[in-house]
Every structure is written in C-alpha cells, then in structure tokens.
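# Topology and contacts: notes
Listed here are the chains, written in short residue letters.
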Amino acid sequence: MEPNHEPQGAGIRLTIPGAIEAPFAGGPRFVAYCMTADARARHRRNSIKRAGNALRRADKAERDPYPVALFYAQRMGVALEDLGRLAIGLEAIGQRDAFDAFRLASLDDIDAVFDRLRNEATLRRAFRVATAGDIADLPNDLQPPLLAASDVLAGQWCRQWRSCAAGWPLLRRIAKGARHGTPLLSRELVVDPPGAGALGKGTPDRFDRWVLVTTTDEDRAERHITTQWVEADLSSDMLERAEEAVLDGIEFANGLANAHVHRVQTSSKWAVPSNVIRTLPSDQRRTIREHAL
Amino acid sequence: MTDRVPAPDEMPDIQRNFLPTRALLLSVRDTLCPSRELALADALTAARQTLARQRPLDEVAAAIFAVMWESVSCLELAANIAAPWVDRQMGHLPHGRWAEMTRYDGGRANRFYESSHNWTDERFAYVSGHRFDEPPGTSILDALREGGFQDDRLDRAFAEAEAATTRWMRKKFEQLATRWHLLRSYGASYEHGLLLVPSAHAEAVAKDGMVAPDALMAWESRKDGVLHTEHATPREVLDWVEGAGELAIRLADYVADTRLVLSESFGFDHEGAFLRPLRNLIPYWVEDGDLPDETMTLLDGFTLNWIRGNPEPNADAVR
C-alpha cells in the first residue's frame with residue numbers, strides 16, 4: 001500500500017451544505033476546512049497534553065527533559081500556526097479566495113497577522129464581530145443586545161488572541177527549527193566547558209532550561225556567511241504558561257471555525273456563541289433568541 | 001595511566017570550527033534523535049489507539065497524518081545532518097559543515113533523498129564516514145597510514161565494513177527516498193493548518209474512477225491539490241508509514257555518532273586541547289550476519305592510544 005497523491009479536482013468530490021458559494025463563505029474549500037475544526041482541535045489538544053504529561057514524567061524521574069520539551073514546544077507552535085492561518089483566511093473573505101490566502105500564507109504573513117490583530121478594531125473586522133455601525137440596519141430592539149454580546153465576545157477574543165500572539169515568536173522558532181532538523185543546542189552544551197566555541201558566545205544565561213536556535217545566511221557573491229543565534233526559553237514554567245495559552249488558542253480557533261460554518265449554513269451575517277449570550281441580562285437574551293434563525 | 005598528549009597545532013580552528021561542530025553533533029545525537037524518537041513513538045501509540053477505539057474517520061486521519069508528519073521531521077533531520085557530507089553547498093567557506101547544518105535550505109532534503117539512487121559507492125562512503133570528500137575519496141585508513149600506522153587485518157576489516165555498510169545503506173536509502181517522496185506533502189499539510197477534508201461531506205475518487213472507501217483525505221499545503229489514500233485501510237497506511245521515521249532517526253544518529261568519534265578524541269583542560277584514545281574509528285552499520293563476528297570484534301576493540309614524544313601513534317587492538 002502507498003498513499004496516493006492526486007491533482008486538485010480529480011481526487012475529491014465535495015458535498016458541502018449551506019450557502020457555500022455566497023461571497024461571505026470564502027469558498028467551498030475554506031468552509032470544508034472549517035467543518036473539520038472539532039477533529040482538528042481534539043487532535044491538537046490531545047497531542048499537546050500527552051507531550052506535557054511526558055515532560056512532567058521526565059522531570060519527576062529526573063530524566064533529560066530536553067527531548068520531550070522540544071517536541072512539546074514544537075506541537076504547541078504548530079497548533080498556533082493553525083490559528084494564525086485561520087485568521088488570515090477569515091480576513092481575506094470578500095477580498096480574495098480565503099482558502100488560498102490561508103493555504104499560501106508564509107511565516108512572515110503569520111507573524112504579521114498575529115501582530116495586526118492585537119488591535120481590537122482589526123480583530124472585530126477579521127472575525128466578524130459586529131460594531132454599532134455594522135448593525136445600524138438591524139431592528140432597533142435587536143441592536144443593543146447584539147452590540148452588548150459582540151462587545152463581550154470581542155473582549156474575550158482579544159484577550160485570547162493577545163495571549164497566543166505573545167507566545168507565537170518563541171514557539172514558532174522552536175517549531176520550525178525542530179521540523180527542519182536544525183541542531184538546537186541545549187543550555188548545557190553552550191554554557192558548560194568546553195562549550196560551543198564562538199557559537200552562542202555572549203548568550204545570556206537567563207532561564208534554567210533553554211536551547212540555542214541558530215540560523216546561518218550566506219552571501220555567495222561575497223563569500224561570506226552570517227550566523228545568528230538566540231536562546232529559546234524551555235523552562236517548565238514557560239512551557240506550562242504556553243500550554244495554557246495554546247490550549248485556549250485551540251478552542252479559540254475551533255470556535256472561530258464553527259462560527260464561520262454556522263454563518264454559512266444559516267446564511268447569517270453574525271454569529272454569537274451561546275456561552276456569550278448567556279452572559280447577557282435575561283431581557284437581552286430573549287430579544288436575541290426571538291430574532292435568531 | 002597515559003601521558004597527557006597535547007593536540008597537534010594543525011587541528012581546526014577550535015572556536016570557530018571544532019567546538020561548534022562538536023556541540024551541534026552532540027545535540028543531534030543526544031537531544032534531537034531522542035526527541036524525534038519519543039515524539040514518533042507517542043504519535044504512533046496515539047494513532048493505534050484512535051484506530052482501536054474506532055473514532056470518526058477525520059480523527060483517524062489526523063492521528064495518521066501526525067505519524068506521517070513526525071516521520072517527515074525525522075527524515076528531514078537525517079537529511080540536514082547528513083547532506084553536508086554528500087551535497088556540500090558551502091564548501092568554499094572555512095567554517096566546517098556546522099554552518100551548513102544551521103542554514104535553512106528548502107531543497108536540501110529533496111535533493112538528498114531524490115538523488116540518492118544515483119550515488120556512487122564512494123558517495124555512500126562519505127555518508128557512512130568511511131571516506132572523506134577532502135581530498136576526494138580519502139579513507140580513514142589513508143589518514144592512519146599517513147601517520148605511519150599500517151595493519152593488514154585492519155585493512156581487511158575496513159574493506160569489509162565499508163562494503164557491507166554501503167550495501168546496507170543503498171538498500172535502506174531506497175526505502176527512505178520512497179517514503180520521503182510520498183510523505184512530505186502529507187507532512188506539510190499537517191504542519192500548515194492540518195488541512196483535513198471532512199469525510200462526512202467528501203469522497204475520494206481513486207484513479208480508476210471508483211470511490212475509495214475509508215480514504216484519509218487532506219488538502220495540499222501551499223499549492224493546489226488534494227492528498228488521499230486509496231486501496232488501503234487506515235491501519236495498512238499506518239503500517240506502511242511506521243518504519244520510515246525510525247530508520248531516519250538511526251541514520252541521523254549514525255552520522256552524528258561517527259563524526260563525534262573524532263571530536264571525542266580531543267579533551268580540554270586548563271592547558272588547552274589534548275588527545276584522548278581514539279575508539280570506534282572504523283564505523284559499520286549493517287544487518288545481522290553481514291559482517292563476520294571476528295571483523296566486528298576487531299572493529300569494536302580497536303583503540304588508538306597516543307604517547308607523548310613518540311612521533312608515531314601506537315595502536316593496540318584491545319579486548
């Protein structure tokens with residue numbers, strides 16, 4: 001048996017329900033991707049939790065923690081990449097094919113989106129969280145509760161986004177280094193004699209566990225190379241904080257994708273999760289339910 | 001107890017070449033290989049459990065794609081570590097191969113695996129550590145002979161070890177290259193968003209136009225296209241993938257370990273670098289029965305000791 005690889009269109013037949021051709025859907029492939037959010041979230045969450053448990057066992061047994069810490073961090077970085085890509089896809093809806101934007105995004109694009117969406121107004125636009133101006137054409141009685149729910153949702157998503165954005169630069173470094181087989185030097189290889197020579201010289205020894213992430217660029221014409229390095233914190237404390245943020249980010253991505261599928265399947269302009277609606281006063285909850293599809 | 005023998009003056013630049021190389025190879029052997037091994041084993045166990053629990057097909061696909069991705073990470077580790085010995089891109093620079101290992105080269109792994117079927121025995125010997133590309137084709141024995149050491153038994157053992165290792169590697173590289181070719185797209189799809197296609201709303205159509213039942217489906221990353229399995233159950237797919245990552249880890253470990261033999265023959269103290277006994281100088285990586293027992297005994301027991309003031313090394317076959 002061998003896995004097969006087929007060109008697009010020849011290998012898969014899609015039957016996606018709902019308004020998948022509508023401009024706000026982002027195209028059938030993007031909707032199809034979003035429909036697998038639950039399986040993706042479950043997989044990412046479990047793989048990270050297993051790695052976290054393995055690290056705690058290694059720490060307890062006083063085994064070398066670096067091997068486990070590295071793939072634990074790598075898995076978290078990969079999960080955050082899902083969120084960054086999804087945001088790029090959602091942002092692109094109405095401007096270009098959302099799935100292509102999502103799928104073709106470079107690491108620089110992902111860095112940029114994590115930075116750009118720290119701004120609440122930008123995040124609201126990207127994730128379809130209504131502002132007062134957006135809902136001015138809705139019935140008068142619906143506007144205040146929907147705006148209140150949207151404000152709660154925006155606050156919640158902004159906090160989640162900023163927490164994930166803060167962890168992305170570190171986890172991205174480890175994830176990409178580990179994925180491409182770049183040697184990552186443990187703290188002890190750099191700090192303890194005889195050390196790594198010129199490599200890592202001057203690196204501050206700030207954390208109890210870190211790896212040196214090294215990159216070399218070559219200027220072939222000048223016959224010159226430049227090697228740069230930076231330490232990446234792999235301490236248990238950092239990894240535990242990262243896990244909390246990343247697991248939250250996985251649920252966040254799951255919620256965003258499911259909200260998008262809900263909008264497409266119900267042809268709704270706005271979707272507010274029920275847990276957010278539950279935070280509203282009862283009269284506002286009732287008004288939203290009366291108007292909901 | 002042997003004398004402390006200072007390292008020769010002509011050893012490579014310690015700060016910019018020797019120590020960075022040593023540190024990188026140690027990180028590969030002692031950290032990255034164990035890391036990949038643990039991660040792969042974890043993904044495999046999880047995939048088997050997902051299958052055994054008869055979870056929905058999308059979850060099964062995610063779990064098996066995770067094994068594929070782990071395998072691709074192993075394959076890329078091996079390529080990144082071994083390629084500088086057969087596909088040197090920065091040979092015009094004096095920094096040793098460590099700089100090459102830290103330079104991202106998106107085509108490296110592809111070149112490494114996809115060209116391997118064209119390699120001569122000599123190129124396999126560069127990977128296996130029996131020969132060097134500077135000057136081309138030089139063997140470890142040539143280096144020893146230059147130092148005044150010659151032993152017919154060792155010459156024969158070297159020839160047997162080199163031939164058996166090359167034979168074994170050539171066979172295994174076919175397997176690695178096939179797995180690389182078929183798994184790398186799945187690995188990228190897993191890494192760049194876990195691009196699952198919803199099995200409840202999609203069908204994979206096989207080459208013969210028939211629907212492939214239980215196909216594992218994913219969108220390709222960074223280019224148009226879809227990936228799916230056919231004519232195989234998920235369990236069969238997993239069985240097919242399973243060994244590739246482990247073999248790649250063994251390759252990375254072997255390459256790092258054989259290069260570290262030389263690094264580990266230097267010690268450092270307050271007076272500077274000094275020579276340590278040289279062990280396991282002639283490597284081998286073979287299937288059981290491929291090398292006569294007496295050859296392996298000789299190779300495993302061969303130690304080169306250094307004596308201060310003696311212009312020529314004194315070799316003992318010990319044990």
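Our subject in this report is the structure included herewith. No experiment lies behind these values; they were computed from the predicted model shown.

Cut-off values and rules
- All residue numbers refer to position in the chain's written sequence, counted from 1.
- Working convention: letters from A go to chains and numbers from 1 go to ligands, in the order in which they are written.
- Per-residue local features of the predicted model are confined to residues with pLDDT of at least 70, and side-chain atom pairs are confined, for both listing and counting, to 80 or more; whole-chain, interface and lining totals are unaffected and use all residues.
- Each side-chain value is worked out from all heavy atoms of the structure, with water and hydrogens disregarded.
- What counts as a helix is a DSSP run of H or I of at least four residues, what counts as a strand is a run of E of at least two, and both are numbered from the N terminus.
- Contacts between residues were defined by any pair of non-hydrogen atoms, one from each residue, lying within 4.5 Å.
- Per-residue and other accessible areas follow the Shrake-Rupley method at a 1.4 Å probe size, with only the shown protein chains counted as cover for residues.
- By convention, the term buried area covers the 1.4 Å-probe accessible surface removed from two parts as they join, with the contributions of both added.
- For this document, the term salt bridge refers to a Lys or Arg side-chain nitrogen within 4 Å of an Asp or Glu carboxyl oxygen.
- Think of a polar contact as two N or O atoms within 3.5 Å of one another; within protein, one of them needs to be a possible hydrogen donor and the other a possible acceptor, and neighboring residues in sequence only count if both atoms come from side chains.
- Two strands qualify as a pair provided that DSSP identifies no fewer than 2 bridges between them.
- Only the contacting stretch of a helix is used when fitting its axis, a line to C-alpha atoms as for every element, and angles between N-to-C directions run 0 to 180 degrees.
- Stacked, edge-to-face and tilted are the three classes for Phe, Tyr and Trp ring pairs, Trp counted by its six-membered ring, which pair at centre distances within 6.5 Å; planes under 30 degrees apart are stacked, over 60 edge-to-face, the rest tilted.
- Lysine and arginine charges are scored as sitting over a ring when NZ or CZ, respectively, is within 6 Å of the ring centre and within 35 degrees of the ring normal.
- We place a 1 Å grid over just the protein atoms. Points where a 1.4 Å probe fits but has no way out form a cavity, open points with protein on both sides within 12 Å along at least 5 of 7 lines form a pocket, and any residue with an atom within 4 Å of a point lines it.
- Grid points are joined across faces, edges and corners, and a volume is the space filled by probe spheres set on the points.
- Lys, Arg, Asp and Glu make up the charged group, whereas Ala, Val, Leu, Ile, Met, Phe, Trp, Tyr, Cys and Pro make up the nonpolar group; the residues left over, Gly among them, are polar.
- Orientation labels follow simple angle bins: below 35 degrees gives roughly parallel, above 145 gives roughly antiparallel, 65 to 115 gives roughly perpendicular, and whatever is left gives oblique.
- For a crossing to be left-handed, the near helix must be turned anticlockwise from the far one by less than a right angle; the clockwise case is right-handed.

### Things to note about the overall build of chain A
Looking only at helices and strands, chain A features 11 helices and 5 strands. C-alpha atoms of chain A, sized along the principal axes, occupy 75 × 50 × 45 Å. Across chain A, the fraction of contacts at a sequence separation of at least 24, relative to all contacts at a separation of at least 6, is 69%. When the accessible surface of chain A is totalled, it reaches about 12700 Å², and 49% of it is carbon and sulfur.

### Some thoughts on the interface of chain B and chain A
Reports of interface size often rely on the accessible area that becomes lost once the parts have come together. Counting residues at the interface gives 84 residues for chain B and 73 residues for chain A. Buried area between chain B and chain A, both sides added, is near 6800 Å², and the carbon and sulfur share of it is 59%. Among the residues of chain B in contact with chain A, Glu191(B), His201(B) and Trp219(B) are the three that bury the most area, contributing 10% of the side total. Our enumeration of links across chain B and chain A arrives at 11 salt bridges. Between Arg179(A) and Glu191(B) there is a salt bridge; the shortest N-O distance is 2.8 Å. For the pair chain B and chain A, the interface holds 31 residue pairs in polar contact (both at pLDDT 80 or more). Only α1 (14-52), α2 (57-86), α3 (98-101), α7 (152-191), β4 (202-205), β6 (217-219), β7 (226-228) and α8 (234-263) of chain B provide two or more residues apiece to the side of chain B that touches chain A. No other element matches α1(B), which puts 21 residues into the side of chain B that touches chain A.

### A look at the sheet that holds strand β4 (residues 210-219) of chain A
All names here are of chain A. Judged by pairing direction, the sheet is antiparallel, and its 3 strands sit side by side in the order β3-β4-β5 without closing on themselves. One side of each edge strand has no neighbouring strand; the edge strands of this open sheet are β3 (184-186) and β5 (224-233). On average, each strand axis in the sheet is tilted by 25 degrees relative to the strand beside it, whichever way the strands run. Pairing geometry for β4 and β5, over 10 bridges, is antiparallel. In the strand pairing of β5, Thr 216 is matched with Thr 227.

### Examining the sheet that holds strand β1 (residues 5-6) of chain B
All names here are of chain B. With antiparallel pairing, 3 strands are arranged side by side in an open sheet as β1-β9-β8. Since the sheet does not close on itself, it has two edges, and those belong to β1 and β8 (266-269), each with one partner. Pairing of β1 with strand β9 (residues 272-275) involves 2 bridges; the strand directions are antiparallel. The partner of Val 5 across the bridge, within β9, is Leu 275.

### Focus on the packing of aromatic side chains
As enumerated under the stated definition, the model contains 27 aromatic pairs over all chains in all. Pairwise contacts between aromatic rings join Phe114(A), Phe127(A), Trp157(A), Trp161(A), Trp168(A) and Phe252(A) into one cluster. A cation over an aromatic ring shows up here: Arg44(A) above the ring of Tyr190(B), its NZ or CZ 4.6 Å from the ring centre. Taking NZ or CZ as reference, Arg259(B) lies 4.5 Å from the ring centre of Trp85(B), over its face.

### What about the pairing of strand β3 (residues 136-139) of chain B?
Residue and element names in this part refer to chain B. Summarising the sheet, strand β2 (residues 131-133) and β3 pair through 3 bridges and their orientation is antiparallel. Paired with Arg 131 across the strands is Ser 139, a residue of β3. Between β2 and the antiparallel strand that follows it, β3, lie 2 residues.

### Side note on empty space enclosed by the protein
One water molecule sets the probe size; rolling that probe over the atoms shows where empty space is left. Residue and element names in this part refer to chain A. Per the counting criterion, the structure on display carries 4 cavities of 30 Å³ or more. Size it by volume and the largest cavity reaches roughly 130 Å³. Taken together, 16 residues line the largest cavity, and the ones lying closest to its centre are Arg 40, Asp 82, Ile 250, Ala 253 and Asn 254. Listing elements by their share of the lining of the largest cavity, those giving two or more residues are α2 (37-60), α3 (66-92) and α9 (236-266). When residues of the lining of the largest cavity are assigned to their parent elements, the largest contribution, 6 residues, is made by α9. Looking at the lining of the largest cavity, its residues break down into 11 nonpolar, 2 polar and 3 charged.

### Some words on the environment of Leu216(B)
All names here are of chain B. In this fold, Leu 216 is placed in the loop between β5 (211-212) and β6. Sequence separation between Leu 216 and Pro 198 is 18 residues; the distance between their C-alpha atoms is 9.7 Å. Once residues lying within four places of it in the same chain are set aside, the contact partners of Leu 216 are Leu 57, Val 60, Ala 61, Ile 64, Phe 65, Leu 227, His 228, Thr 229, Pro 234 and Val 237.

### Points about the pattern of salt bridges
By the definition in use, this model includes 52 salt bridges over all chains. A salt bridge links Glu91(A) to Arg116(A); the nearest nitrogen and oxygen atoms lie 2.5 Å apart. Placement of the pair is Glu91(A) in helix α3 and Arg116(A) in helix α5 (residues 107-116), with a sequence separation of 25 residues. Within the structure, one salt-bridge network assembled from shared partners comprises Glu81(A), Arg85(A), Lys176(A), Arg179(A), Glu76(B) and Glu191(B).

### Topic: the packing of helix α7 (residues 143-179) of chain A against α9(A)
All names here are of chain A. Interhelical geometry of α7 versus α9 gives an angle of 125 degrees and a closest axis separation of 9 Å. With respect to α9, the element α7 is oriented oblique. Seen along the crossing, α7 lies across α9 with a hand that is left-handed. Every residue of α9 that contacts α7 at Trp 157, Gln 160, Trp 161, Ser 163, Cys 164, Leu 170 and Leu 171 is listed here: Met 238, Ala 242, Ala 245, Val 246, Asp 248, Gly 249, Phe 252 and Leu 256. Classifying every residue of the contact of α7 with α9 gives 11 nonpolar, 3 polar and 1 charged.

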